[in-house]
Structure formats: structure tokens, C-alpha cells
Amino acid sequence: MSNRLVIGGYFLLTAVLSVGFYAFPGWHMVLWSAIALASAAAMALGIRRHRPRRRTPWIVLAVGVLTFAAGDTTYNLLTTVFGQQNPFPSYADLFYLVTCVLVNVGMVLLVRSMTHGRDRSSLVDAVILTLGVGLLDWIFLINPYVVAPDLTLLQKAVSIAYPLSDVLLLATVFRVLGTARRSPTVVLLGIGCAGLLFSDVVYGLGQLNGSWQIGGPIDLGWIALYACWGLAALHPSMVRLTEPRLIRQGEVGWVRLTVLGLSAVIAPAVLLIETLQGNVRDGVVIAVLSALIFALVLVRLTGVVNRHRQALTRERGLREAASALLLASDVDAVALAVRIAVGQLLPAGTPHEAVFGETSCPLSGEATQLVSTERLDPALRARVGRFPIALCCPLTRSGRPHATSLVGSLVVAAPEHALAVLHWPAESLAAQAALALERIALTQEINRRIGEDYFRTLVQNNSDLIFIVDDQNRIRYASPSATAVFDGPAPAGYPLVDLVECTDRLMAVQLLDLVRSGGLRADAVDWRLPMPDGGLMHVEVSCRDLRADPTVRGLVVTMRDVTERRRLERELTLQAFQDPLTGLPNRVLFQERAGQAVARSQRTGRGTGVVLIDLDDFKELNDTLGHAAGDELLAAVGARLADALGPEYTTARLGGDEFGALVEDVTTPDELERLAERTLVVLAEPLRVGGQLVHVRASIGFALAVEAADGEDLVRQADLALYAAKGAGKAQWRRYQSELHTAAVQRLLLRAELERAVEQGEFAVHFQPIVALDSGRTAGFEALVRWAHPDRGLLAPEHFIGAAEESGLIVPMGAFVLHHAIVTAAQWYRECLTGSTRPPYVSVNVSARQFRTLGFVDSVRAELAECGLPPHLLMLEITESLLLRDDDKVWADLQDLRSMGVRVAIDDFGTGYSSLSYLRQVPIELLKIDKSFVDTASSSPRQQALVEGIVRLADALGLVVVAEGIERDAERDLLVGAGCKYGQGYLFARPMLYEDTVKWLFSDRVAA
């Protein structure tokens, strides 16, 4: 409900009740109580709606209104119900006296909230006004009660308390009006207090004359009190009365001077009137009040002198700060001088924090202001948060347009009473600091221009090629060295990529686009440049984005000639990885490639094997024919092996008479057996060495990377098999088999550990974000199971999923993951309902065995209903193997899930038995491209074409594509270019726990 509607409703209610109060005398007591209670309720509602910084003053005033209403109600009951005639004193007077105390306390707390208890000048002025008005109060209201012979001591005390309370209220209202900024709330409070004072004075005079009655015009003042205070609390400006306010010392307006002057002459005027009348009745009171007013004037003058002394101290501190700022040569020196000056401007020993620099005030405008530290930037609040209030002074360059005048701010946090009087000194200090910053900036600009001349001279004589490229990749500037390299004028206006060898142009465009998009490359890249003589120059390229620099406004591309260095590196590489005798890879390169092959095999599940070939009786032949013949034989054997095995295998000489072959994509051990048989046949053909035929025999051992931990382990296993072949009589082959027993034992152990893990709940679910590749928005999360093994630590699925499938434990494990994923997605959904973040979906892998479990669809439906998750926020990932058979139940279950709203995806598309028919028939809406395609797409044109074909196929069928395993920017860029909209991988985020997903969802967006 809007503030205008609430205020209008309350005003209308009060007006109706007030009219009814005068129109229906019989309902006076009820309607009067309703007016009072409506006022208190409005004040409570205003406190709740607007939440002022300090609520206590408003709460005290609201309670005061309630006690006032209680007094009125009590008085009406005594006179109307119980028939007492003018009961005095009574229980109603007790409520009235409490009201007097509460109203005055509330007003005092309002003043302290604004002035922090340090505006002593305003306090002295209020006391002067109180003494002046109090004399009139004494003459007309208090003294008649004092000398009245028919009143008891208690009646006199109560009667005197009321006008005294009104005098104190007048003083506090004077302080509020003199301190607070003009606002509707201040005006309404003043009108309400004026109504209260008017009615109290008229009521007091009426009591003395015996002419007061309920329902007369006098009640309008109290009605004004109730109505105006309720409206004051409902108005939004009520929060300003408890906000800290800068004390502008020395500022005294003509209104205050007039009021103080009239207050000071009241006593002499009364004395003059009584003297003219010939009866000075109040001489003693006039003398005492005159003395007190004179003393207060002296106190006021003392305060002026003290402020002048403090001003001199601050002026001296500002002069010292000006000297330090004049000597400052950089921003850090300016900040240090400002912090020292702030410490000198504050009273000695005052705790404070001063932050200077490129910070900004939370409010608009250039005025110095007191702000709550809760409204500051988080980084700034962390430094000054131990203080509730901070003084924010914008750093403004004088004589500059407003749009360019702000260069930062000075934020000082300290106790409120210290900040209240720091306004003018801090403002002056901030202005001097801004001038110092401007001077430093101008000095740096002059130095920069001098430096430009220096660096221009360096560039003119630098042998490196330096280009400045615009957004269309055209050369805007080329260093003079380009003229000598390209044997002609500098190619200004020419596309930079046209200077690059054709096969390197795509890489050149990608580098420029990467740097332009904000990506950084710590390492330099190599391009090749065609030379006029037909050769190629190898250059090392580095690129920086200086488009924001007004002196450059483009990409700076630096090329250094590394042709000779690359030639030497190639020679060294050949010496390090190539056997000089046979020209084949040596053991180092073979071992490295074996390690890579084993790693790929472990990741993709494709077999890898190593075949080791050792020549039999080579030592005897070497000793018989000589070492030269032996070297010739080794070279011939190497050439024959390379020709026989072909380029798809890595053939290497491992040392001495030992050779090796690395075989990848092995499906069965029979392939290696046939390869070993063929190798023995090829080597059995005679070789001509040293003019004579030599018969060569060899022993072969091979191993598959079934249980090999790495390439070295695989070579070791093949070496054991080779020794076994030699021990069996030579000219034979053997396969490594001892690992079969070990593997069986390990599988049994793993199955037992899995059963224990399922029983004891050792599994955890992590979530990896699925993001939109073009915007970086998080679309969903994939739920990934992890095993918290008590000995081996956190294990990824590849370590136990196979065993779980074989043992059937995949069903309870999958049910656990599905339940946990739905519960977590429901929590995301509820948290997103309270904000603007779109709720993400959760994607869960379902094995074929789990999907075929009886009641699987019903369990999904029950989980969704129990957790309150909309079905469209759940996606089930199935594999192609589930769809190989025409299983009517599987197809029916898929249809039930889709009709329910659950989304279905095909996981690892393309790695199984892909069929276009089920893509058209199965109710799916998403394909997930396997990581194996993504890994090689950026380096293999065939793989890239395959990925693009999958995306186009999915798009034609109306399916969404998600790419898995994105780890590099180049992969992401390639997928975006292919039209793939979504992806996941370590480039964006690793799998995370639920707590981290919450931070991920409700923080800044990921860069994509």
C-alpha cells in the first residue's frame, strides 16, 4: 500500500472521528479514545513501515500518546461513569504526568539522534528561551496555584507540574525545529506541539477561572496533537529526524536571534510593567532569571571562543596538510598526507578510519554528507565497518565541469560526535587533495609525453616488427623495420592476416579475436611469414589490447624473428627423440607416446597395446660380421618394421637390438597376436648385409593396457612378456597374462567395498554447471556421484561405475543420486522464487539397468511430488545402449516421463551405436556430445566437421545440444561457431557441492 493512501486514510479517519466527537456529545468518551488510539497506531505503523535508524525516540513519543489517551479515558470514566465532579488530583493526573515526562524525553532523544549530544549552543539557546517563557508561565499559571489558599500541597504540586512540563516541551521543540532539516514531519510535529501547548495553557487558565468544559474549542489543540503526530510518523520524512546531521557551527539565523532577543527582554519588560503598576510582586523571580540568562549568555560566548580556538587548531592542521600535499609526488603520498591530516583535525586520541582514493559516496551529488557505513561498498565497509557513521567528502577539482570534476572521495569513519563538527575541515582537506591529485596527473601527463618521444626513438631503431591493428584487423601503423623485412613500404591499411602464411591465417585470426574479447595468453605463438625470396620467416608473436589507450586505440602486435632459433630447436628435438641410426623414434619418445596412449585408453575405454621386438642372437652376428654390419642390420630391420607396420603405428628403436611398436584402438588381444605373427614372418625373410644374406629371428612380447597405470607400466609388462618369449625358445611371441589374476582380485575387493559403501552411505553428489556458451548464464547442473573412499579419498565414477554395473549396485546408487539431485534442485527452485534468478534444471545419469527396474517411472513421479520440484526442471540422461532393442516397456516409460514433463537426453552421443532412427522416434529433446569429440575438434578438421554435423543434425530434428568436457577457450569458441548453445566442463567450473552451487547461482555471472 502506498504512503499517500495510508496517510490519506488516516487523515480521513481522524477527521471523521473529530467531526463525530463534536456532533455526538454522548459518544465523547468513545470517540476521544478512538482518536487517541488511532494516533498511537499510526505512529507504530510509521515506525514499522519506514524503519528509522533509531526507533527509540518515536517509540517513546508513541507511548506518550498512549499514556495521554489513558489519562483522558480515566478522567472521562471518573466524571461520566462514576459521576465525580472535577476529580483532582486523580489517577488520570498520574497518566498525564507520565505523558509529560515521555513527550519531553522523546523530543530530547530526537535532538540527540541528530546532534550526537554535541550541539551545546542549541542547548544553551533552548534554556534561554525556557527561562524567558518560564517567567510568563510563573506569573500567569504557576504563581496563582502557589498562592491559592484552597489547594492542598499535592494539588499545588500537580498543578505546577503541568505548566513546567509545557515550558520544557517548548524548549525541546525549539531545539528540534532549530536542528532538523525542514520536512513535512518536522512541521507536523511542531503543529502538534503547538496544539498541545495552546490547549494546555487555555485549559490551565480555564481551570483558574472555572470556565472549562468537555467538547469545547479547547479540545481542537489536543486533536491537532493526535492527528499531526500520527501523520508525522506516517510520512516518509520521519526517518530524517534520526539520521545524523552535520553541525554547522556559527550559523545562527535571524529567526533564532529574534526569538533569543525577545526571550532575554521578557524579564526586564515584566519588571518595567510591574514597576509602572506600582506593585513589584515577582522581583525575586525576575532577578534570579535575569542572573541565569546572563550566565547562559556568558556560557554562549565561552563556546564561541572555544570554537574559534578549535578552528585555529584545524586551520593549522590544514596548513600543514597543504604543505605535505604540495610535496607529494604520487597518489600514495597524497593518501598518506590526508590520513595524517585527518588524525590532526580530530580531537587527540579519537579512534577513526580514513579511506582515500577512487571510492565513491553512496549518495548522488557532490555535497559532503554523513552516511551509514551499511550503505558503503562492501570493500569500503570492511575497512570502516566498526563505526556506524562515516563522513563522505567528494574529491572535486575546482573549475572543472561537473561530469569530470569527481575524482574519488575521502571517507572518514569515527564516533558520531567527532564527525558532526568535522564538516568544513574535511571538505577543505578534500579540495586540497583533489588539487594535489590534479597536479600529479598533469605531471604524469607531461612525463608520459616526454616518454613517448623516447620510446618513439626506440621503435624507429628496433628490429622487431611492431604493428597497430584496428577492429577490422587492418594495419594502422607499422614500425620502420617492416620496410626492410617485406622489401617495400610499410604495409599500412593492409590486412595483417594477409601477411601470414595461408595455413597459419586461421590461427592468426583466432589470436586477434581472443585478445580482443579479453582473453590473455601468457605464452607467445608462432606464425610464418612468406618472404619476397620465397622463403618463410618464423616469428614469435605477442599481442596486447590497447584499444582503451587513447594514444593507441588498437591491438599492438609484436613479431620477433625466431627462424634460426626454431631450426636449432628442431635439430635438438630430433637428437633428443630420434634414433640416429635408424631414423625411428627413440625410447624417450616411445615412452612419452605410450603414456599418452594409456591415458587416452583409460579415459575413452579404447584398448592400447605395446609390442616389443628383440633380435635373437644379434650379439653373435655383431661379433662375427663386425659392428658396421651390425649397424647396417639394425637400420635394415628398422626400415622393414616401419614399412610392415605402417604409419598408423609408432615404431621405435628402444636401444641395442630392441624395437617397439605402439598400437592404439585395439579391440581384442587377437589383433596383437596377428600383428606379432605378421612381424615374425616379415623378419624371417633374409637381409643382405655386408654382401651376404643374413637370416634374422626375433622374439616378441606384447601387453594390453588393461591394468597398466601408465605407459611405463605397460612397457614393463610387455618387457616381461618378451623375456617369457625368449625363455620359450626364441622366434616366438608371448602375451602378458599375469595381470588377469590381479585384476580379478581387485574387482572382487572393489565389489565388496562398493557394497559396504552403499550400506554406510559413503557416496556424495557433486554438481557441475551447464552454461549457455554465448552469455555464460547457468542453465542447469549435472549431478555427478563421488565415492568418499575411507582410504583412497574422493573417487571419480570411472573408478567404480563399471564394477557397480556388473554387481547390480548401480540401482541403489542411482536411486541415491536421483533423490539427492531432486532434493537439491527443489532447494534451488525455492531460493530462486524469492529473487530474479531463473531456476536451473538438474540433469541425472540413469543407467540402462536402473531404467529397466520395475517402478522406476513411479519413483520419479513420487520424488518430484514429495520435493515440490516442477518436472521440467529434471532431465534424465540415458545412453544409446538402452535404445538398441525395440523394448516396448522402455519406449512406454520414456513416453510417460515426457508426458509428465520430465526431459530426456541422450548422453555420450556418437560413442555407442548411434542410429538416426531413434533420434526421430524416441521422445528426447537433448543430445550431449561426448568429451572425446570436444577434445580433438579444435585440432582435427575431421572431428570438427563431425561435431558440426551433429549440431546441424540435432538442430534439424529440433534437439538441443550440450557439449561435455570443455576445457579450453578454443574449444568453446569452436562450439559456438558450430552453433552449439550449451556446454559444461572445467573451463567454466569443476563439480561442486550444494553450498558452492548456491554461491555460484547468486553471484556474478561466469565469463563465457
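The structure displayed is predicted, hence computed values, not measured ones.

Caption draft 1: Representation of the overall build of the chain. What the chain contains, in helices and strands, is 34 helices and 25 strands. Here the chain holds 1008 residues, and the buried ones make up 46% of them. Pairs at least 24 residues apart make up 68% of the contacts formed inside the chain by residues separated by at least 6 positions.

Caption draft 2: Fine view of the pattern of salt bridges. Enumeration over the complete set of coordinates arrives at 33 salt bridges. The partner of Asp713 in a salt bridge is Arg716, and the shortest N-O contact between them spans 2.5 Å. Here Asp713 pairs with Arg716, and both are found in helix α23 (residues 711-727), just 3 residues apart, close to one helical turn. Accessibility expressed as a relative area gives 15% for Asp713, which makes it buried. When its relative accessible area of 43% is taken as the criterion, Arg716 is described as partly exposed. Note that Asp858 and Arg861 form a salt bridge whose closest N and O atoms lie 3.0 Å from each other. A residue pair is termed a helical-turn pair when its members lie 3 or 4 positions apart in one helix, as Asp858 and Arg861 do in helix α28 (residues 856-867) at 3 residues. For Arg861, a relative accessible area of 38% translates into the label partly exposed.

Caption draft 3: Summary view of the nonpolar core. Formed by 83 residues in total, the largest nonpolar core has its most connected members in Leu754, Phe800, Val842, Val844, Phe851, Leu874 and Leu876. When residues in this core are grouped by element, the largest group, 9 residues, is from helix α26 (residues 810-833). Not counting residues within four places of it along the chain, the set of residues in contact with Phe800 comprises Leu750, Leu754, Phe763, Val785, Arg786, Trp787, Leu795 and Met813.

Caption draft 4: Local environment of the packing of aromatic side chains. Counted by the stated rule, this structure contains 11 aromatic pairs. Ring plane angle 35° and centroid distance 5.6 Å describe the contact between Phe702 and Trp733, whose orientation is recorded as tilted. Placement of the pair is Phe702 in strand β15 (residues 698-704) and Trp733 in strand β16 (residues 733-735), with a sequence separation of 31 residues. Here Phe763 and Phe800 contribute two aromatic rings whose centre-to-centre distance is 5.8 Å and whose plane-to-plane angle is 50°, an arrangement assigned as tilted.

Caption draft 5: Region of interest: the confidence of the model for the chain. The predicted model of the chain has a mean per-residue pLDDT of 80, with 84% of residues at 70 or higher. Counting contacts from residues 399-404, a segment whose pLDDT is below 50, to residues more than four positions away or on other chains yields 3 contacts. Low pLDDT (under 50) marks residues 1004-1008, which in the prediction has 14 contacts with non-local residues, meaning those over four places away or in another chain.

Caption draft 6: Representation of the state of the cysteines in the model. Within the structure shown, the criterion is met by 0 disulfides. There is no disulfide at Cys228, and the cysteine sulfur nearest it, in Cys193, is 9.6 Å away.

Caption draft 7: Representation of unusual backbone geometry in the model. Phi angles above zero are rare outside glycine, and Arg51 is one such case at about 50°. Arg51 sits in the exposed class, given a relative accessible area of 54%. Positive phi, normally seen in glycine, also occurs at Asp908, with a value near 50°. On the secondary structure map, Asp908 appears in strand β22 (residues 903-909).

Caption draft 8: Structural context of the side chain of His789. Considering the arrangement of structural elements, one finds His789 in strand β18 (residues 778-789). Given the relative accessible area of 5%, His789 is considered buried. For His789, the side chain forms a polar contact with the main-chain nitrogen of Asp791, separated by 3.0 Å. Residue contacts for His789: discarding those within four places in its chain leaves Glu753 and Leu795.

Caption draft 9: Quick peek at the pairing of strand β10 (residues 607-615). Counted residue by residue, β10 has 9 buried out of 9 residues, so it is predominantly covered. Here β10 shows two buried faces, one formed by Gly607, Gly609, Val611, Ile613 and Leu615 and the other by Thr608, Val610, Leu612 and Asp614. Direction of pairing for β10 relative to strand β12 (residues 658-666): antiparallel, over a ladder of 8 bridges. Bridge pairing links Val611 to Ala661 in β12. Alignment of β10 against β15, held across 7 bridges, turns out to be antiparallel. By the bridge assignment, Asp614 is partnered in β15 with Ser699.

Caption draft 10: Looking closely at the sheet that holds strand β9 (residues 555-561). Strand order in the open sheet made by the 5 strands is β6-β5-β9-β8-β7, with antiparallel pairing throughout. Of all the strands in the sheet, just β6 (475-478) and β7 (525-530) have a single pairing partner and so form its edges. Along the sheet, successive strands turn relative to each other by an average axial angle of 30°, direction set aside. Pairing of strand β8 (residues 536-545) with β9 involves 7 bridges; the strand directions are antiparallel. Looking across to β9, one finds that Cys543 is bridged to Val557. Together, β7, β8 and β9 form the strand contacts of helix α17 (residues 505-516), whose direction differs from that of β8 by roughly 15°. Together, β7, β8 and β9 form the strand contacts of helix α18 (residues 563-577), whose direction differs from that of β8 by roughly 110°.

Caption draft 11: Focus on helix α29 (residues 888-900). Taking 1.5 Å per residue, 13 residues should reach 18 Å; α29 reaches 18 Å between its end C-alpha atoms and fits that length. Inspection of α29 places Val890, Trp891, Asp893, Leu894, Leu897 and Met900 among the buried residues, and these make up the whole buried set. Phi for Gly901, located one or two positions after α29, is positive at around 115°.

Caption draft 12: How the structure looks around helix α2 (residues 28-50). If you check α2, its first and last C-alpha atoms are 33 Å apart, about what 23 residues at 1.5 Å a residue would give, namely 33 Å. Arg51 sits one or two residues past α2 and shows a positive phi near 50°.

Caption draft 13: Here's a closer look at the pairing of strand β11 (residues 650-655). Counting buried residues along β11, 5 of its 6 residues qualify, which places the element largely inside the surrounding structure. Direction of pairing for β11 relative to β12: antiparallel, over a ladder of 5 bridges. Counted as the bridge partner of Gly655 is Glu658 from β12.

Caption draft 14: Spatial organisation of the packing of α28 against α29. It is at 10 Å that the axes of α28 and α29 come closest, and there the two elements cross at 15°. Classified by the angle between their axes, α28 and α29 sit roughly parallel to one another. Note on packing geometry: the crossing formed by α28 with α29 is right-handed. On α29, the residues touching Val857, Val860, Arg861 and Leu864 of α28 are Asp893, Asp896, Leu897 and Met900. Of the residues that constitute the contact of α28 with α29, the class distribution is 5 nonpolar, no polar and 3 charged.

Caption draft 15: Fine view of the environment of Ser847. Relative to the helices and strands, Ser847 is located in the loop between β20 (841-845) and α27 (848-851). Taking C-alpha positions, Ser847 is 8.2 Å from Leu882, a pair spaced 35 residues apart along the chain. Among all residues touching Ser847, those that are not within four sequence positions of it are Glu805 and Ile810. Looking at Ser847, its side chain comes within polar contact range of the main-chain nitrogen of Gln850, at 3.1 Å.

Caption draft 16: Representation of a nonpolar patch on the surface. Residues Phe294, Val297, Leu298 and Leu301 make up a contiguous nonpolar surface patch of about 380 Å² in total accessible area. Among the structural elements, Phe294 can be located in helix α10 (residues 283-327). Since its relative accessible area comes to 55%, Phe294 is described here as exposed.

Caption draft 17: Structural context of the packing of helix α19 (residues 587-604) against α23. At their nearest, the axes of α19 and α23 sit 7 Å apart, and the two run at 105° to each other. The angle between α19 and α23 places the two elements in the roughly perpendicular class. Residues Phe590, Gln591, Ala594, Gly595 and Val598 of α19 touch α23, and the partners they reach there are Gly711, Glu712, Leu714 and Val715. Across the contact of α19 with α23, the residue classes tally to 5 nonpolar, 3 polar and 1 charged.

About the thresholds
Residues numbered from 1 in each chain as written. Predicted model: local features only at pLDDT ≥ 70, side-chain atom pairs only at ≥ 80, totals over all residues. Heavy atoms only, no water. Helix = DSSP H or I, 4+ residues; strand = E, 2+ residues; numbered from the N terminus. Buried < 20%, exposed > 50% of the residue type's maximum accessible area, 1.4 Å probe, protein only. Contact = heavy atoms within 4.5 Å. Salt bridge = Lys/Arg side-chain N within 4 Å of Asp/Glu carboxyl O. Core = buried A, V, L, I, M, F, W, Y, C linked by side-chain atoms within 4.5 Å. Phe/Tyr/Trp six-rings, centres within 6.5 Å; stacked < 30°, edge-to-face > 60°. pLDDT = per-residue confidence, 0-100. Disulfide = S-S within 2.5 Å. Polar contact = N/O pair within 3.5 Å; in protein donor to acceptor, adjacent residues only side chain to side chain. Pairing = 2+ DSSP bridges. Axes fitted to C-alpha atoms, helices over the stretch in contact; angles between N-to-C directions. Expected span 1.5 Å × (residues − 1). Parallel < 35°, antiparallel > 145°, perpendicular 65-115°, else oblique. Left-handed = near helix turned anticlockwise from the far one by under 90°. Nonpolar A, V, L, I, M, F, W, Y, C, P; charged D, E, K, R; others polar. Patch = residues over 30% accessible without salt bridge, like charges linked within 9 Å, V, L, I, M, F, W, Y side chains within 5 Å. Areas by Shrake-Rupley, 256 points an atom, 1.4 Å probe, with all protein chains shown as cover.

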